Amino acid sequence: MKILVVDDFSTMRRIIKNLLRELGFSNIDEADDGQTALPKLQAGGFDFLVTDWNMPGMTGIDLLKAVRADPALAHLPVLLVTAEAKREQIVEAAQAGVNGYVIKPFTAQTLEEKIGKIFERVDS
Amino acid sequence: MSSCLDEEMDARLEQARSLVNALENGDSSQADKLIGELAEMSENQMFQEVGKITRRLHDSMNQFGLDERISELADKDIPDAKERLNYVIEMTDEAAHSTLTAVEELLPIAEGLNERSNNLLEQWNRFQQREMPYEEFKAVSKEIGSFFEYSASTSEVISKKLTEILMAQGFQDITGQIIRRVIQLVQDVETNMVELIRLSGGMSEGEQKTHKEPELAGPVVPTIATNDSVKNQDDVDDLLSSLGF
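Let us look at the structure shown here. (Residues numbered from 1 in each chain as written. Chains lettered and ligands numbered in written order. Predicted model: local features only at pLDDT ≥ 70, side-chain atom pairs only at ≥ 80, totals over all residues. Heavy atoms only, no water.)

Here the focus is the overall build of chain A. Each helix and strand counted, chain A has five helices and five strands in total. Reading the secondary structure of chain A in the N-to-C direction produces β-α-β-α-β-α-β-α-β-α. The C-alpha radius of gyration computed for chain A amounts to 13 Å, which stays within 12% of the reference 14 Å derived for 124 residues, consistent with globular compactness. Reported as C-alpha extents along the three principal axes, the dimensions of chain A are approximately 35 × 30 × 30 Å. Among the 124 residues that make up chain A, the fraction classed as buried is 55%. Sequence separation of at least 24 residues holds for 63% of the intrachain contacts in chain A that already meet a minimum separation of 6. Of the accessible surface of chain A, which amounts to about 5200 Å², a share of 47% is contributed by carbon and sulfur atoms. Within chain A, one finds 14 positive and 18 negative side-chain charges whose respective centroids are separated by 2 Å. (Helix = DSSP H or I, 4+ residues; strand = E, 2+ residues; numbered from the N terminus. Rg over C-alpha atoms; globule rule 2.2 N^0.38 Å. Buried < 20%, exposed > 50% of the residue type's maximum accessible area, 1.4 Å probe, protein only. Contact = heavy atoms within 4.5 Å. Areas by Shrake-Rupley, 256 points an atom, 1.4 Å probe, with all protein chains shown as cover. Lys, Arg positive; Asp, Glu negative; His and termini not counted. Charge placed at Lys NZ, Arg CZ, Asp CG, Glu CD.)

Every buried residue belonging to helix α4 (residues 87-95) of chain A is among Gln89(A), Ile90(A), Ala93(A) and Ala94(A), and all of these are buried. The buried residues of α4(A) occupy one face: seen down the axis, they fall within an arc of 140 degrees. Of the residues in α4(A), the exposed ones pointing more than 90 degrees away from the buried face are Glu88(A) and Gln95(A). Contacts from the buried residues of α4(A) go to α3 (60-69), β4 (78-82) and β5 (100-103) of chain A together with α6 (233-242) of chain B. Positioned one or two residues after α4(A), Gly97(A) has a phi angle of 95 degrees, which is positive. (Arc of directions from axis to C-beta.)

Turning our eyes to something else, we now look at helix α1 (residues 10-22) of chain A. All names here are of chain A. Its 13 residues give α1 an end-to-end C-alpha distance of 18 Å, which sits within 8% of 18 Å, the value for a rise of 1.5 Å per residue. Within α1 the residues assigned to the buried category are Met-12, Arg-13, Ile-15, Ile-16, Lys-17, Leu-19 and Leu-20. Looking one or two residues beyond α1, the residue adopting positive phi is Gly-24, at roughly 100 degrees. (Expected span 1.5 Å × (residues − 1).)

All names here are of chain A. Evaluated as defined, the whole model comprises five aromatic pairs over all chains. Arranged with centres 5.0 Å apart and planes meeting at 75 degrees, the rings of Phe-48 and Phe-119 form a pair that is edge-to-face. Taken together, the residues Phe-48 in strand β3 (residues 48-51) and Phe-119 in helix α5 (residues 108-123) connect sequence positions 71 residues apart. Here the two residues Phe-48 and Phe-119 agree in accessibility, since each one is buried. (Phe/Tyr/Trp six-rings, centres within 6.5 Å; stacked < 30°, edge-to-face > 60°.)

Right, here's the structure in full:
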């Protein structure tokens, strides 16, 4: 299982990486915004994308839309981990085809739960 | 305009002549009166000028939309920025305390592990050098068993505490986002102030600076949160499940 973690704050990338490691995922790559993330995803091999929303360059929502628009990536599970809390934004993310939405600040338990749910659904 | 100025000049000249006359005739009370009148005249003129400048400044500010933006800054954005910065203090305080608490709980655990393992190591060495009677070895092997149990349960506590420390570092992302917004606001205030100074200096040409709201709302600051934002993960989950998630 190869995972891409995208956030413009390196501290948050480290936190998410460490949590994922604790959950047993060790094959993790990072990117600091959508623009650097998309080519990595398109190069292939990723099974799961965890991304922030508010980033310079290309935002997480635009990255999600680009992923869904790319036939090779359309089915990639995507989890948004973001401080964006407007209802209309959550609705927008849902409509764009996000698989999970975790609001910052979050707990280790919340992240574990959402990831668990995503893979339950993907597997079934 | 020029005839008005001429009239003013004529009146002044007339007064100056009367003043010279009064002084030549030694009429000091008349001279004082005339000096007073002249002073009053120039004061009135100054007030009129200040009035005109104020009017021009006000018009220019309206024209550039500065008036509205500055009162918006003063009424809403600056108080909001104060709340945001207070929230930054709160979050960093919370993160520092939860990190310190976890460390304070971890240190005695590390000391306990160290002490017990040193103790056992000493006995283990004696056992290996065949210096330990069988009866004592029975007691020591029991102790080794309980040490294994102890270290299994403490390592669970240790990883739990380490995760707490890890999660506490999330403050850097949230507070960083909030501070970036405050920096944007300071820049906005600066731009408006510069524009204001430029206008009051009488240079009224220049481009209009329009204020741009950030596209994304950013982290929720509890004290200034509006109803169109969710408050926590449960709200997010509820909203998503209402959308059929």
